[in-house]
Amino acid sequence: RSKKAGRDTYRFFTAEMNARAIRKLEQENALRNALERNEFVLHYQPKVELHKGEITGVEALIRWNRPGYGFVPPSEFIPVLEQTGLINQVGTWVIETACKQIAEWRHGGIGEMPISVNVSGRQFSQITLNRDVIRITEENGVHPQLLEFELQTERALRENSIDSDLLELELTESSLMTHAKKTVGVLKRLKMLGIRISIDDFGTGYSSLAYVKRFPIDVLKIDRAFIMNVTTNPADAAITTAIIDMAHSLDVKVVAEGVETVEQLVFLRERGCDEIQGYYFARPLPSTEISRLLLNGKERLRLAQSLAS
Ligand code: C2E
Ligand code: MG
Ligand code: MG
Ligand code: MG
């Protein structure tokens, strides 16, 4: 009897696994065509500075507008892009699109608005072996071991005539730690171009701030996991306060992720946190909506009021 049950379970699992494998293959194939079919879009979430309540920049967050599925969140397809290596092409598209957006805002009356872009560790592992690229870089006296990523980023900035300090790259703490050796050099070169570097999801990756300081970073983003309970959980409050103080003593700016309530905002402001990002102020918005928000002062007023109260 137990043997039969075992066999049924086995059959059940294989059917289930087949279905899952097929779905995954379908998703992979769909992702392979998604770029040329223009199915990716960037949404933008503002970051707000806590003194004047001004928007100081936005973070670009990718969405996949998959036909028949609607907007697919990045957690469901970024890992697949990483596994298949497609993240390199998609990552280049993200940087290019962000640079075009910066240029559009500059010409469209919004002025200079920095954009931060998320980067996977995997994008730092593709040393370019393209012969043309090597020739060009050597002719220009640049490091011949440049990454495809560095070349594409530099090109996107140049072609859109963008000051490099308007582009910020966000790398998660865990991807920094995983690729530490390779990453330090790349980040130093990107930094030399004038690009700003930020550590995302900080506090979840078991690294000390002192270690993190080996990287040339400008900004540290405290993970939402700590902010979520910052006003109710004394341990999270203590960790958040310690991160802010240590970051400041190392001359690094601090952004709190996932701020949803005015209580969290007040706590963070009292502790000297520089900027906040979260649903309390705005969700990630499509380009047209964020442009409207950046143009009118209403949201700014709302924040100024809650800062005053
Ligand atoms: P992240 O960079 O830490 O981005 C913050 C995430 O938190 C975003 O989720 C954002 O929508 C969400 N969020 C912001 N404020 C709040 C809030 O107040 N409450 C809650 N509950 N959530 C909030 P999203 O857009 O789903 O992105 C998830 C992750 O996917 C990002 O985390 C980032 O690691 C990755 N990602 C997004 N776009 C890209 C991209 O273009 N390239 C790469 N490599 N990764 C990306
Ligand atoms: Mg991020
Ligand atoms: Mg984050
Ligand atoms: Mg996160």
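Since the model is a prediction, treat every value here as computed from it, not as a measurement. Numbering of residues starts from 1 in every chain and runs along the sequence as written. Naming scheme: in the order in which they are written, chains are lettered from A and ligands are numbered from 1. Two thresholds apply to this predicted model, a pLDDT of at least 70 for residue-level local features and 80 or more for giving and counting side-chain atom pairs, whereas whole-chain, interface and lining totals are computed over all residues. To obtain the side-chain values, all non-hydrogen atoms of the structure were included, while hydrogens and water were left out.

Quick notes on the environment of Ala98
Helix and strand labels come from DSSP, where a helix needs a run of H or I of at least four residues and a strand needs a run of E of at least two; each type is numbered from the N terminus. Here Ala98 shows up in helix α3 (residues 87-107). Throughout, exposure labels follow a simple rule: accessible area from a 1.4 Å probe, protein chains only, divided by the maximum for the residue type, with under 20% read as buried, over 50% as exposed, and the rest as partly exposed. With relative accessibility at 0%, the residue Ala98 sits in the buried group. Along the primary structure Ala98 and Val117 are separated by 19 residues, whereas in three dimensions their C-alpha atoms are 7.6 Å apart. Whether two residues are in contact is decided by their heavy atoms: any pair within 4.5 Å suffices. If we skip the residues at most four places from it in the chain, Ala98 touches Leu42, Tyr44, Ile115 and Val117.

Points about the confidence of the model for the chain
The pLDDT value tells you how sure the predictor is about a given residue, anywhere from 0 up to 100. For the chain, mean pLDDT is 88; residues scoring 70 or higher make up 85% of the total. Of the two predicted TM-score estimates for the complex, the pTM is 0.90 and the ipTM is 0.98.

Considerations on the coordination of the magnesium ion (ligand 2)
Ideal donor angles around a metal are set by the shape: a four-donor tetrahedron calls for 109.5 degrees, a six-donor octahedron for 90 or 180 degrees. Ligating atoms shown are N, O and S within 2.8 Å of the metal, or 3.2 Å for Na, K and Ca, and water is not included, meaning a site may look less than complete. Taken together, Glu59 (OE), Asn118 (OD1), Glu170 (OE) and Asp200 (OD) make up the protein donors of the magnesium ion (ligand 2), found 2.0 to 2.2 Å from the metal. One chain supplies every donor to the magnesium ion (ligand 2), and in sequence these donors are spaced E-x58-N-x51-E-x29-D. Separation of the magnesium ion (ligand 2) from the magnesium ion (ligand 3) amounts to 4.0 Å, with Asp200 serving as a shared donor to the pair. Residue Glu59 is located in strand β2 (residues 55-66), and its partner Asn118 is located in strand β4 (residues 115-118); the two are separated by 59 residues in the primary sequence. Using a relative accessible area of 4% as the deciding quantity, one classes Glu59 as buried.

Details of the coordination of the magnesium ion (ligand 3)
For the magnesium ion (ligand 3), the protein coordination sphere consists of Asp200 (OD), Asp201 (OD), Glu257 (OE) and Glu257 (OE), at 1.7 to 2.8 Å. Sequence positions of the donors to the magnesium ion (ligand 3) reduce to the motif D-D-x55-E. Owing to a relative accessible area of 12%, Glu257 belongs among the buried residues under this scheme.

Thoughts on the site of ligand 1
Around ligand 1 sit 21 residues, and of these Arg63, Asn118, Asp200, Glu260 and Tyr279 come closest. The definition of a polar contact used here is a pair of N or O atoms within 3.5 Å, where within protein one atom must be able to donate a hydrogen and the other to accept one, and adjacent residues in sequence count solely through side-chain atom pairs. Within the side chain of Gln45, a nitrogen or oxygen atom sits 3.1 Å from a nitrogen atom of ligand 1. Here a nitrogen atom of ligand 1 and a side-chain polar atom of Ser120 are 2.9 Å apart. Out of a free accessible area of 820 Å², ligand 1 has 82% covered by protein chains. Looking at the shell around ligand 1, the elements that each hand over two or more residues are β2 and β6 (196-202). Tallying contributions element by element places β2 first for the shell around ligand 1, with four residues. Amino acid classes used here: Ala, Val, Leu, Ile, Met, Phe, Trp, Tyr, Cys and Pro are nonpolar; Asp, Glu, Lys and Arg are charged; the rest, including Gly, are polar. Looking at the shell around ligand 1 residue by residue, the classes come out as eight nonpolar, five polar and eight charged. Throughout this document, a residue counts as near a molecule or strand when at least one of its heavy atoms sits within 4 Å of that molecule or strand. The protein chains shown are the only cover counted for residues, whose accessible areas, like all others here, come from Shrake-Rupley with a 1.4 Å probe.

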